[in-house]
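Here are the chains, one letter per residue:
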Amino acid sequence: MELAVINHEDYFAKIGDDHKFPINKFGELAKYLLEKKIINNFHKPYPCSVDTLKGAHSETYINNIINKSLDQNQVKKIGFPLIDSVVKRSLVATGGTVLASKLALDSRIACNTAGGSHHANFDEGAGYCVFNDVAVAAQYLLNRSLVKKIIIVDLDVHQGNGNSDIFKNNKDVFTFSIHSKSNYPAKKSKSDLDIELEDNTEDKKYIEILKNNLHDLNKEKFDFAFYIAGVDVHCNDRLGKLKLTDEGIKKREELVIENFFSKKIPFCGVLGGGYNKDFKKLVELHSILHETCAKFVN
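Presented here is an overview of the structure given in this document.

About the cut-offs
Residues numbered from 1 in each chain as written. Predicted model: local features only at pLDDT ≥ 70, side-chain atom pairs only at ≥ 80, totals over all residues. Heavy atoms only, no water. Helix = DSSP H or I, 4+ residues; strand = E, 2+ residues; numbered from the N terminus. Expected span 1.5 Å × (residues − 1). Bend = angle between axes of the 7 residues up to and from the residue. Buried < 20%, exposed > 50% of the residue type's maximum accessible area, 1.4 Å probe, protein only. Contact = heavy atoms within 4.5 Å. Polar contact = N/O pair within 3.5 Å; in protein donor to acceptor, adjacent residues only side chain to side chain. Phe/Tyr/Trp six-rings, centres within 6.5 Å; stacked < 30°, edge-to-face > 60°. Core = buried A, V, L, I, M, F, W, Y, C linked by side-chain atoms within 4.5 Å. 1 Å grid on protein atoms, 1.4 Å probe; cavity = no way out; pocket = protein on both sides within 12 Å on 5 of 7 lines; lining within 4 Å. Points joined across faces, edges and corners; volume = space filled by probe spheres on them. Nonpolar A, V, L, I, M, F, W, Y, C, P; charged D, E, K, R; others polar.

## A short note on helix α10 (residues 279-297)
An ideal rise of 1.5 Å per residue puts 27 Å on 19 residues; α10 measures up with 28 Å between its terminal C-alpha atoms. At Ile-288, α10 shows its largest kink, close to 30°. Taken as a whole, α10 has its buried residues at Leu-282, Val-283, Leu-285, His-286, Ser-287, Ile-288, Leu-289, His-290, Thr-292, Cys-293, Ala-294 and Val-297. Elements in contact with the buried residues of α10: β1 (4-6), α1 (25-35), β2 (109-112), β6 (224-228), α9 (246-261) and β7 (267-270). Structurally, the start of α10 carries an N-cap: the backbone nitrogen of Lys-280 is 3.0 Å from a side-chain oxygen of Asp-278.

## A closer look at the packing of aromatic side chains
This structure, assessed with the given rule, holds 13 aromatic pairs. Taking the centre distance of 4.9 Å and the plane angle of 50° together, the rings of Phe-224 and Phe-226 count as tilted. Taking relative accessible area as the criterion, Phe-224 reaches 0% and is therefore assigned buried. Each residue in the set Tyr-11, Phe-21, Phe-26, Phe-80, Tyr-128 and Tyr-275 is aromatic and connected to the rest through ring pairs, giving one cluster.

## A closer look at the nonpolar core
In terms of nonpolar packing, the biggest core is built from 102 residues, with Tyr-206 and Phe-226 touching the most fellow members. If near-sequence neighbours (up to four positions away) are discounted, Tyr-206 is found in contact with Leu-155, Ile-178, Leu-197, Thr-201, Val-233, Leu-242, Leu-244 and Arg-252.

## Section: empty space enclosed by the protein
Under the counting rule described, the total for this entry stands at three cavities of 30 Å³ or more. The calculated volume of the largest cavity comes to roughly 60 Å³. Per-element tally for the lining of the largest cavity: the top contributor is helix α5 (residues 84-107), with four residues. Its residues assigned to classes, the lining of the largest cavity comprises five nonpolar, four polar and two charged. Size it by volume and the second largest cavity reaches roughly 40 Å³.

## Notes on the environment of Ser-180
Secondary-structure assignment places Ser-180 in strand β4 (residues 173-180). Once the C-alpha coordinates of Ser-180 and Leu-155 are considered, the two residues, 25 residues apart in sequence, prove to be 9.8 Å apart. Filtering out sequence-adjacent residues up to four positions away, Ser-180 remains in contact with Val-157, Lys-188, Leu-197, Asp-199, Gly-240, Lys-241 and Leu-242.

## Description of the layout of surface pockets
Estimated volume of the largest pocket: approximately 370 Å³. Along its surface, the largest pocket is lined by 25 residues, and Phe-21, His-119, Gly-127, Tyr-128 and Tyr-275 are the ones closest to its centre. Among the secondary structure elements, those contributing two or more residues to the lining of the largest pocket are α1 and α4 (72-78). A total of three residues in the lining of the largest pocket trace back to one element, the largest contributor, which is α4. Here the lining of the largest pocket is composed, by residue class, of eight nonpolar, 11 polar and six charged. Taken as a whole, the second largest pocket spans an internal volume of roughly 190 Å³. Lining of the second largest pocket is provided by Lys-44, Pro-45, Tyr-46, Pro-47, Cys-48, Ser-49, Thr-52, Gly-95, Val-98, Leu-99, Lys-102 and Tyr-140. If one sorts the elements of the lining of the second largest pocket by residue count, α5 sits on top with four residues. Residues that form the lining of the second largest pocket fall into these classes: seven nonpolar, three polar and two charged.

## What to know about unusual backbone geometry
Of note in this structure, Lys-68 is not a glycine but carries a positive phi near 55°. Mapped onto the elements, Lys-68 comes out in the loop between α3 (59-66) and α4. Among the residues examined, Lys-68 registers a relative accessible area of 39% and is labelled partly exposed. Positive phi is not limited to glycine here, since Lys-264 has a value of about 60°. Mapped onto the elements of the fold, Lys-264 is located in the loop between α9 and β7.

What is shown is where atoms sit, not what they do.
What follows is the structure, encoded as structure tokens:
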């Protein structure tokens, strides 16, 4: 069986070549996965509907994005220009995570080649995140009674504050974030479980912390897992502050995926952040998620 992976050409948006966000990574990752024969083809998502978006975002905010009428200060907070290709990208990437979550229910494991926009909140975006795709997909599954109890494992270097806030009063979603203590956002939210790491944390300590926490969390009964696999924990990341190696990231992915796959808990992996100084390396690091998932499926 082949791993179900979601991709769309509209994951790219015209934000300009000099923009800090490496928008080309989505297309290059898709190319890399095909070239390396990690997968043979992609599932193509539809743009997320307003109805589905409303599970995690206010209608006013959704309409302000779609109509490109968002207040300029809020646009600045997102960090992308509010143009047609950014709007389209935000809708399609969110639709991609919703589709991946549905496919994970069928085949136990599925991945998006985008997603992990975890700074977007109920009524605003931030930190290169317009819509919170994981929150939207989680609420989609709950609203349709497809699952009862979800865990969001967020290992991006930045705290998943959007998910923490959106689900703070929701007992059906457990938010778990391991992140850099001194990194963005300056004011952290409160997840169900937050682990804050000191600057320059390396592989050994990181893996030990992750292992211990997964072990404790296994006492809970989850029937679906979302995984935000940010690779901005890498030692060569421009925005990271941690010191994981390629091997550390491989070990991390194996640990997380095996933990849920072995318990037959459906698993949806999304990209999360990555701002490596070496673009080719960035694409390789992101591909570790898909390559590791593919090994479990095959």
